[in-house]
Amino acid sequence: MDKDKSIKLFEEKSIRTHWDTEAEKWYFSIADVCVVLTDSVDGRKYWSVLKTRLRKEGSELATNCSQLKMQPA
């Protein structure tokens, strides 16, 4: 399996990842992490609602950019 786009498993659920060779960092799909940690059906919707609630509280978790594309699991 290609290290750049490998799938990680956590409690038998898949999490999409990307390895940045220049920065030597792993990036994880936050939508997949939300599904694993919350048993949510729709991780993208869960993350969207969470960001909205946190923004109302004054927290800034994410940059002002659109979602990045990842290969489907």
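Scroll up a little and you will see the structure.
Residues numbered from 1 in each chain as written. Predicted model: local features only at pLDDT ≥ 70, side-chain atom pairs only at ≥ 80, totals over all residues. Heavy atoms only, no water.

**Focus on the pattern of salt bridges**
Test applied: The term salt bridge refers to a side-chain nitrogen of Lys or Arg lying within 4 Å of a carboxyl oxygen of Asp or Glu. The secondary structure listing takes helices from DSSP runs of H or I that are at least 4 residues long and strands from runs of E that are at least 2 residues long, numbered from the N terminus. Buried residues are those whose accessible area, probed at 1.4 Å on protein chains only, stays under 20% of the maximum for their type, while exposed residues exceed 50% and partly exposed ones sit between those limits.
For the structure shown, the criterion picks out two salt bridges. The salt bridge partner of Lys13 is Asp39, with a shortest N-O separation of 2.7 Å. Within this pair, whereas Lys13 is found in strand E2 (residues 13-20), its partner Asp39 is found in the loop between helix H1 (30-38) and helix H2 (43-56), the two being separated by 26 residues in sequence. What makes Lys13 partly exposed here is its relative accessible area of 30%. The partner of Arg16 in a salt bridge is Asp32, with the nearest N and O atoms 2.8 Å apart. You can see Arg16 sitting in strand E2 and its partner Asp32 sitting in helix H1, a full 16 residues away along the chain.

**Quick look at the pairing of strand E1 (residues 7-10)**
Spelled out, the test is: Any two strands with at least two DSSP-identified bridges between them are counted as paired.
Across four bridges, E1 lies against E2 in antiparallel orientation. Following the sheet pairing, Leu9 is matched in E2 by Ser14. Connecting E1 to the antiparallel partner E2 that follows it, the hairpin turn spans two residues, and Glu11 within it adopts a positive phi of roughly 50°.

**Notes on the packing of aromatic side chains**
Here the distance between the centres and the angle between the planes together describe a pair of aromatic rings. What counts, and what does not: By convention, a stacked pair of Phe, Tyr or Trp rings (six-membered ring in the case of Trp) has centres within 6.5 Å and planes under 30 degrees apart, an edge-to-face pair has planes over 60 apart, and any other such pair is tilted.
For the coordinates displayed, the defined rule picks out one aromatic pair. Ring geometry for Trp19 and Trp26: centres 5.2 Å apart, planes at 55°, overall tilted. Judged by its relative accessible area of 16%, Trp19 falls in the buried class. Judged by relative accessible area, Trp26 falls into the partly exposed class, the value being 29%.

**Here we look at the sheet that holds E2**
Heads up, the rule is: Lines fitted to the C-alpha atoms define the axes, with helices restricted to the stretch that makes contact. Angles between their N-to-C directions range from 0 to 180 degrees. The contact definition used throughout considers only heavy atoms, calling two residues in contact when any of these lie within 4.5 Å.
Taken in spatial order, the three strands of this open sheet run E1-E2-E3, and their pairing is antiparallel. Every interior strand has two partners, whereas the edge strands, E1 and strand E3 (25-28), have only one. Pairwise comparison of adjacent strand axes, ignoring direction, gives a mean angle of 40° for this sheet. Here E2 pairs with E3 via four bridges, running antiparallel. Looking at the pairing, Thr17 lines up with Phe28 of E3. Across the sheet, H1 is in contact with E1, E2 and E3; its angle to E2 comes to roughly 150°.

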